[in-house]
Each structure stands twice: as C-alpha cells, then as structure tokens.
Amino acid sequence: MADEDLIEIKESLQKENLINFFKTHKNKFILFFALLLLLGGSYLVFNKYDESKKEKIAASYFYGSMLLENKINDDAKKVFKNIILEHKSPYAILSLYQIIKLESDLKKIENFFDIVIKRYEGEEELRDLLIYKKNLLLSESIDENQLLISMNQIINNKGMWKSHALLFLGDYYFAKEQFNKSKEFYQRILDEDSQNSIIKIEAESRLKKLTNVQN
C-alpha cells in the first residue's frame, strides 16, 4: 500500500472519529453555546440596566438641586431623602449634604448620616470622613460617650482621618474646660508621629495655648 493511501486512510479515520465525537456530545455542545449566549446577553442587559440606573439617580439629584435653587424646599427634601434611602452612590453623599441645609431636626440628620455611613462600611477612608463630618456637625447634640465611641472608630482604624479625630476631641474637651483630657488628645498627635504636618502644628499651638490657660 502506498504512503499516499495510508495518509488518506488516517485522515478519513480522524474525520470519522471527530464526527462521532460531536454526535455523541452534541447536546453538551448545544448547552455550552446556549450558556455562552445567555451569559453574554445577561452581561449586556445588566450593564445597560446599571447605566440606566446611574442616569436616573443623577437626573433625580439635579432635579432636587433645581427645586432647592428655586426655593421649593419641601419637594427638594423629598427628592434628596429618596436618594439617600434607596442608593449607594456619590449622589447619596451629595444629597446628604444638601438635606443638611433643609432639615432642622438633628435626630433626622443623624439618621441620614448613619444610613450613608453603613453603606460605606467597606470603604474605610470615606466612611471615616463621613463619621468625622457627622460628629463635627452634631457634637453639641450627641452624648459624650456616643461621641467617643464614634470617633474611636476613626482613631482605631489608623487611617488618614485619625489625627483629625484626635484634634477634634482635643478641641471638644478644651471647650468643656476639661484641660487634662484635652491635653491628652493633642499630645497623642505628637507622640504617634502623625504624617499630617499641618495637624501637628495645630496640636503644638493648642498645647501652648493650654499651658497658658492652666498657668
């Protein structure tokens, strides 16, 4: 038998085996390609839905801003409140700062802060900033123990807002004329080698002021 015949027989067998393989596993191939199409379609639909959702949130926020600009405050408040309650989005944070201008009930403002803070538990720097802003705004209405527990979340996290939290607590106790506690927080900024040179300068300045007051 010639070499050409052997090659032809081998190629024929290979083709036959391949055809038989596809016939045997035909249903699996159909299912596999169907799943690929389904996954691809789902991805496109999800992306389209996600983009549409973001556009709707943005549109709601700008609508609320227009209402606020035109002093239609009650309706603006409702729009911003809905964004805060329903979405984790930069627009929820922006809505929070807008609603502060409109809401006189400090307890409600605190609740709005807590909702947004909870949504950003996994993003520590942003969460700490929100906690800091909340305490800065509501320090006169929050119980001292509650304030310390809240600020300790920032301090224990050791992120970029730690030195700000220590300075805040130093100022808080200075205003209450509890100078030993105040000194303790200012001194921690210097002892813990804060990377924020501006905060360190502020802490040193306040310690000097404290010394003058106590003398």
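Cut-offs applied
Residues numbered from 1 in each chain as written. Predicted model: local features only at pLDDT ≥ 70, side-chain atom pairs only at ≥ 80, totals over all residues. Heavy atoms only, no water. Helix = DSSP H or I, 4+ residues; strand = E, 2+ residues; numbered from the N terminus. Buried < 20%, exposed > 50% of the residue type's maximum accessible area, 1.4 Å probe, protein only. Contact = heavy atoms within 4.5 Å. Areas by Shrake-Rupley, 256 points an atom, 1.4 Å probe, with all protein chains shown as cover. Core = buried A, V, L, I, M, F, W, Y, C linked by side-chain atoms within 4.5 Å. Phe/Tyr/Trp six-rings, centres within 6.5 Å; stacked < 30°, edge-to-face > 60°. Expected span 1.5 Å × (residues − 1). Arc of directions from axis to C-beta. pLDDT = per-residue confidence, 0-100. Axes fitted to C-alpha atoms, helices over the stretch in contact; angles between N-to-C directions. Left-handed = near helix turned anticlockwise from the far one by under 90°. Nonpolar A, V, L, I, M, F, W, Y, C, P; charged D, E, K, R; others polar.

### A short note on the overall build of the protein
Inference 1: Scanning the protein from terminus to terminus reveals 10 helices and zero strands.
Inference 2: When the helices and strands of the protein are listed from N to C terminus, the series reads α-α-α-α-α-α-α-α-α-α.
Inference 3: Buried residues in the protein amount to 31% of all 215 residues.
Inference 4: Contacts in the protein between residues at least 24 apart in sequence constitute 49% of all its contacts with a sequence separation of at least 6.
Inference 5: Surface exposure of the protein reaches about 14700 Å², of which carbon and sulfur atoms provide 56%.

### Focus on the nonpolar core
One recurring pattern in soluble globular proteins is that nonpolar side chains are buried together.
Inference 1: In terms of nonpolar packing, the biggest core is built from 45 residues, with F80, L96, V116, L130, M151, I154 and L169 touching the most fellow members.
Inference 2: Tallying contributions element by element places helix α8 (residues 162-175) first for this core, with seven residues.

### Quick look at the packing of aromatic side chains
Inference 1: One pass over the full model with this rule turns up nine aromatic pairs.
Inference 2: Taking the centre distance of 6.0 Å and the plane angle of 25° together, the rings of Y132 and W161 count as stacked. Placement of the pair is Y132 in helix α6 (residues 124-138) and W161 in the loop between α7 (144-157) and α8, with a sequence separation of 29 residues. Neither residue differs from the other here; Y132 and W161 are each classed as buried.
Inference 3: With a centroid separation of 6.2 Å and an interplanar angle of 70°, the aromatic rings of Y132 and F168 are classed as edge-to-face. Linking Y132 in helix α6 with F168 in helix α8, this pair joins segments that are 36 residues apart in sequence.
Inference 4: Residue classification places F168 among the buried positions, given a relative accessible area of 10%.
Inference 5: The rings of Y61, F62, F80 and Y91 are connected pair by pair, giving a single aromatic cluster.

### Observations regarding helix α9 (residues 179-191)
Inference 1: Taking 1.5 Å as the rise per residue, α9 with 13 residues should run 18 Å; its terminal C-alpha atoms sit 18 Å apart, in good agreement.
Inference 2: Within α9, burial applies to F179, S182, F185, Y186 and I189. Buried residues of α9, viewed axially, fall in a sector of 130°; they line one side. Among the exposed residues of α9, those oriented more than 90 degrees off its buried face are N180 and D191.

### Concerning the environment of Y186
Inference 1: Turning to its location among the elements, Y186 is positioned in helix α9.
Inference 2: Residue classification places Y186 among the buried residues on the basis of a relative accessible area of 1%.
Inference 3: Along the primary structure Y186 and L207 are separated by 21 residues, whereas in three dimensions their C-alpha atoms are 6.7 Å apart.
Inference 4: In contact with Y186, other than residues within four places in its own chain, are L167, G170, D171, F174, A203, R206, L207 and L210.

### Observations regarding the confidence of the model for the protein
Inference 1: Averaged over all residues, the pLDDT of the protein is 79; the fraction at 70 or higher stands at 73%.
Inference 2: Across residues 5-11, confidence stays below pLDDT 50; counting only partners more than four residues off in sequence or on other chains, it has two contacts.
Inference 3: Contacts for the low-pLDDT stretch residues 41-49, under 50 throughout, to residues beyond four places or in other chains number zero contacts.

### As for the side chain of H164
Inference 1: The residue H164 is located in helix α8 in this model.
Inference 2: Note on H164: relative accessible area 18%, which makes it buried.
Inference 3: Ignoring sequence-local partners within four residues, the contact set of H164 consists of Y132, N196 and I199.

### Observations concerning the packing of helix α3 (residues 73-86) against helix α5 (residues 106-119)
Inference 1: Remark: α3 packs on α5, axes separated minimally by 9 Å, with the N-to-C direction vectors making an angle of 35°. For the element pair α3 and α5, the recorded crossing hand is left-handed. Contacts between α3 and α5 involve K81, I84, L85 and E86 from the former and F112, I115, V116 and R119 from the latter.
Inference 2: Considered class by class, the residues forming the contact of α3 with α5 number five nonpolar, no polar and three charged.

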